[in-house]
Amino acid sequence: MARDPRLPIDPSTNLPSIHSFGELSNFLRGSVADEDSRHFSDSMSQLAVHIEAIIAGLRLNRARVTVAPMLVDLLTVVRGHRNLVVGLGLPWRGLYEYAAYLQALNNFRVLIGQWLLDGGPRSAQLLVSAEDFELVAWRTLGEGMLLIDMYEQWAGSDHPEQSSLASLSEPQVERALQWWKKLRL
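Sequence positions are assigned chain by chain, starting from 1 and proceeding in written order. Local features in a predicted model are, by the rule used here, given only for residues with pLDDT of at least 70; side-chain atom pairs are given and counted only at 80 or more, and totals for whole chains, interfaces and linings are based on all residues. Hydrogens and waters are ignored; side-chain quantities use all the structure's heavy atoms.

1. Some remarks on the overall build of the chain
Labels follow the DSSP assignment, with helices taken as runs of H or I lasting at least four residues and strands as runs of E lasting at least two, numbered in each case from the N terminus. Along the chain, the regular secondary structure elements total 7 helices and 2 strands. Each helix and strand of the chain, ordered N terminal to C terminal, gives the series β-β-α-α-α-α-α-α-α. Exposure classes here rest on a 1.4 Å probe applied to the protein chains alone. A residue is buried below 20% of its type maximum, exposed above 50%, and partly exposed in between. Per-residue burial for the chain yields a buried fraction of 39% across its 185 residues. Partitioning the contacts of the chain with sequence separation of at least 6, the portion at a separation of at least 24 is 72%. Accessibility throughout is a Shrake-Rupley quantity obtained with a 1.4 Å probe, and a residue counts as covered only by protein chains that appear here. In the form shown here, the chain has an accessible surface area of approximately 10,300 Å², with 57% of it arising from carbon and sulfur atoms. Contacts were defined at the residue level, with two residues in contact if any of their heavy atoms lie within 4.5 Å.

Structure representation (structure tokens):
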């Protein structure tokens, strides 16, 4: 297996690893196969920066007055990022990881909203812990990293093979995605 020079190698596993959201941002800046990849990576980097700030805030205290505005700002960034993801072309949509990432992003958005509502607006503390938030954030961003990796492998291959989903027209793609979402419920 070839080593990726952009990622540090963990000596205990001899595999590439990322241990912080800052390292993730650096990785994303270096993973650019084309213009769509650059926009996608830049948008994920923005997510990582916001997420890291929220985790730091939650570790200091979970005061609603401090952390809730940061979560609301993150919701805005997540919505913008999701719009970018939905607007990606058919080569991206043809990848299995596309639907998985879109689902993870939607789940993350819903959880952020739930964390903002938990305890009610009069509650002084948010009920989400830094550890719980970090776990969901890593899972979501991990799905995005996998999508980028798979897209770069597809784009870098001499004869990129598209799935049958990529050859469908827009209405057919939308129907297929709706069908897939129903299956995942």
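2. Focus: the packing of helix α3 (residues 64-86) against helix α5 (residues 96-117)
Relative orientation and spacing of two packed helices are given, respectively, by the angle between their axes and the distance between those axes. Only the stretch in contact is used when a helix axis is fitted, and all axes are lines through C-alpha atoms; the angle between N-to-C directions ranges over 0 to 180 degrees. Where α3 meets α5, the axes come as close as 10 Å, and the angle between the chain directions of the two elements is 155 degrees. Between α3 and α5, the interaxial angle falls into the category roughly antiparallel. Every pair of crossing elements has a handedness; the one defined by α3 and α5 is left-handed. Here α3 contributes Arg-64, Ala-68, Leu-71, Val-72, Leu-74, Leu-75, Val-78, Arg-79, His-81, Arg-82, Val-85 and Val-86 to the contact with α5, which in turn contributes Tyr-98, Tyr-101, Leu-102, Leu-105, Asn-106, Phe-108, Arg-109, Ile-112 and Leu-116. Under this scheme an angle from 65 to 115 degrees is roughly perpendicular, one under 35 degrees roughly parallel, and one over 145 degrees roughly antiparallel; angles in between are oblique. Take the far helix as your reference; a near helix turned counterclockwise from it by less than a right angle gives a left-handed crossing, and one turned clockwise gives a right-handed crossing.

3. Things to note about the pattern of salt bridges
Salt bridge criterion: a side-chain nitrogen from Lys or Arg within 4 Å of a carboxyl oxygen from Asp or Glu. All told, the structure shown has 3 salt bridges when counted by the stated rule. Residues Asp-42 and Arg-38 are paired through a salt bridge, measuring 3.1 Å at the closest nitrogen-oxygen approach. On the criterion of helical spacing, the pair formed by Asp-42 and Arg-38 is a turn pair, its members being 4 residues apart in helix α2 (residues 35-60). According to the relative accessible area criterion, Asp-42 is partly exposed, its value standing at 34%. A cluster of three or more residues bridged by salt bridges with shared partners is formed by Glu-35, Arg-38 and Asp-42.

4. A word on the side chain of Glu-97
Summarising the element assignment, Glu-97 is placed in helix α5. Setting aside residues no more than four positions away along its own chain, Glu-97 makes contact with Leu-146, Leu-147 and Met-150.

5. Notes on the nonpolar core
Here the nonpolar core consists of buried residues drawn from Ala, Val, Leu, Ile, Met, Phe, Trp, Tyr and Cys, with membership extended through side-chain atoms lying within 4.5 Å. Ranked by internal contacts, the top residues of the largest apolar core, which has 42 residues, are Phe-40, Leu-47, Ile-51, Leu-74, Phe-108, Ile-112 and Phe-133. Broken down by secondary-structure element, the contributors of at least two residues to this core are α2, α3, α5, α6 (130-156) and α7 (170-184). Counting residues per element, this core draws most heavily on α6, which supplies 10 residues. Leave out the neighbours within four places in its chain, and Phe-40 touches His-81, Leu-84, Val-85, Leu-88, Trp-92, Tyr-101, Gly-144, Leu-147 and Ile-148.

6. Side note on the environment of Pro-69
With respect to the secondary-structure elements, Pro-69 resides in helix α3. With 47 residues separating them in the primary sequence, Pro-69 and Leu-116 have C-alpha atoms 9.4 Å apart.

7. Remarks on α3
Expected span of a helix, by definition, is 1.5 Å for each gap between consecutive residues, and there is one gap fewer than residues. Taking 1.5 Å of rise per residue, the 23 residues of α3 would be expected to cover 33 Å, and the 31 Å separating its terminal C-alpha atoms lies within 8% of that figure. Contact partners of the buried residues in α3: α2, α5 and α6.

8. Some remarks on the environment of Gln-103
Note that Gln-103 resides in helix α5. Under the relative-accessibility criterion, Gln-103 is labelled partly exposed at 24%. Separated by 40 residues in the primary sequence, Gln-103 and Glu-143 place their C-alpha atoms 9.5 Å from one another.

9. As for the packing of α2 against α3
Here α2 crosses α3 at 165 degrees, and the two axes come no closer than 10 Å. If you check the angle between α2 and α3, you find them roughly antiparallel. Two packed elements cross with a definite hand, and for α2 against α3 that hand is left-handed. Residues His-39, Phe-40, Ser-43, Met-44, Gln-46, Leu-47, His-50, Ile-51, Ala-53, Ile-54, Gly-57 and Leu-58 of α2 form the contact with α3, whose participating residues are Val-67, Met-70, Leu-71, Asp-73, Leu-74, Val-77, Val-78, His-81, Leu-84 and Val-85. Each residue gets one label: Ala, Val, Leu, Ile, Met, Phe, Trp, Tyr, Cys and Pro are nonpolar, Asp, Glu, Lys and Arg are charged, and the others, such as Gly, are polar. Here the contact of α2 with α3 is composed, by residue class, of 15 nonpolar, 6 polar and 1 charged.

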